[in-house]
Amino acid sequence: MRTVRVWDLPTRLFHWLLAAAVIGLVVSGNIGGNAMVWHGRLGYLVGALLLFRVIWGFVGGRWSRFVHFVRGPRTVLRYLRGRELSAEDSAGHNPLGALSVLGLMGLLALQVSTGFFSDDEIAFTGPLVNLVSGDAVSLATRMHRLTGEYLLMVLVGLHLGAIAFYRIVRKKDLIGPMWHGDKELPDDLPSAVDNAGTRIRALVILVVCAALVAGVVSFGG
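A brief structural summary. Keep in mind it's a predicted model, so treat the numbers as computed, not measured.

### Description of the environment of Ala164
Link 1 in the chain: The topology assignment puts Ala164 in helix H5 (residues 134–168).
Link 2 in the chain: According to the relative accessible area criterion, Ala164 is partly exposed, its value standing at 34%.
Link 3 in the chain: Between the C-alpha atoms of Ala164 and Ile175, which are 11 residues apart in sequence, the distance is 9.8 Å.

### Considering the pattern of salt bridges
Link 1 in the chain: For the coordinates displayed, the defined rule picks out five salt bridges.
Link 2 in the chain: Measuring nitrogen to oxygen at the nearest pair gives 3.3 Å for the salt bridge that ties Asp194 to Arg12. Of this pair, Asp194 sits in the loop between strand S2 (182–185) and helix H7 (196–219) while Arg12 is found in helix H1 (residues 9–31), placing the two residues 182 residues apart along the sequence. Across the pair, Arg12 and Asp194 agree in class, each one buried.

### Points about H5
Link 1 in the chain: Helix length check: H5, at 35 residues, gives a terminal C-alpha distance of 49 Å against a target of 51 Å (1.5 Å per residue), a fit within 8%.
Link 2 in the chain: Largest kink in H5: about 40 degrees, centred on Met143.
Link 3 in the chain: Every buried residue of H5 is listed here: Val137, Ala140, Thr141, His144, Gly148, Leu152 and Tyr166.
Link 4 in the chain: Where the residues of H5 are buried, they touch H1, helix H2 (35–59), helix H3 (73–80) and helix H4 (95–116).

### Quick look at the side chain of Arg71
Link 1 in the chain: Mapped onto the elements of the fold, Arg71 is located in the loop between H2 and H3.
Link 2 in the chain: Exposure remark for Arg71: the relative accessible area of 19% places this residue in the buried category.
Link 3 in the chain: One polar contact links the side chain of Arg71 to the main-chain carbonyl oxygen of His68, over a distance of 3.0 Å.
Link 4 in the chain: Within the structure, Arg71 has its side chain in polar contact with the backbone oxygen of Glu88 (distance 3.4 Å).
Link 5 in the chain: Setting aside residues up to four positions removed in sequence, Arg71 forms contacts with Val76, Glu88, Asp89 and Pro95.

Quick notes on the rules
- Residues numbered from 1 in each chain as written.
- Predicted model: local features only at pLDDT ≥ 70, side-chain atom pairs only at ≥ 80, totals over all residues.
- Heavy atoms only, no water.
- Helix = DSSP H or I, 4+ residues; strand = E, 2+ residues; numbered from the N terminus.
- Buried < 20%, exposed > 50% of the residue type's maximum accessible area, 1.4 Å probe, protein only.
- Salt bridge = Lys/Arg side-chain N within 4 Å of Asp/Glu carboxyl O.
- Expected span 1.5 Å × (residues − 1).
- Bend = angle between axes of the 7 residues up to and from the residue.
- Contact = heavy atoms within 4.5 Å.
- Polar contact = N/O pair within 3.5 Å; in protein donor to acceptor, adjacent residues only side chain to side chain.

Encoded structure:
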């Protein structure tokens, strides 16, 4: 066994920035009023972060790439049945955790998308409401405020519950590696590349993603 860098710095920053942004979205959405200005800004931030993570899932550190942690149905079923996985299959996210990550990202992407077309008729109007019909705005608003919000709370609760389960029952710390990036793994597993070049590339990608989101926001006038 040796110390292996599993989560590169860009992946870790993405994780914690996304968590903070989601908390801010929930708080500002429930406060309403002037806080909705920040609700919108945080939504744009989440959109940029999600775009970044999708791209980083193809060009990031080894264990951050989708090909190295998203597993097929057979591996997921084997994991659910309690069978032992290979060290590589469990180095990053376990098969069930990978599905949780994809589910959260997909739902957050849906929330950001519907937020662009939402109008609460009080303090917030999405930047793209002028591009669709009133019925479409009403549907997007209902999905954003009701269905999407409740589903997000369920998924976040399951995510936190899984972290607690692994900590208490299986004696595995999932938070620590996402904070400092390292795990004790068999010495034949490679570390993710996490150097200055990697971080500069991640910064460039994030800036491009932020510019794309800003472009979408400005497109609606």
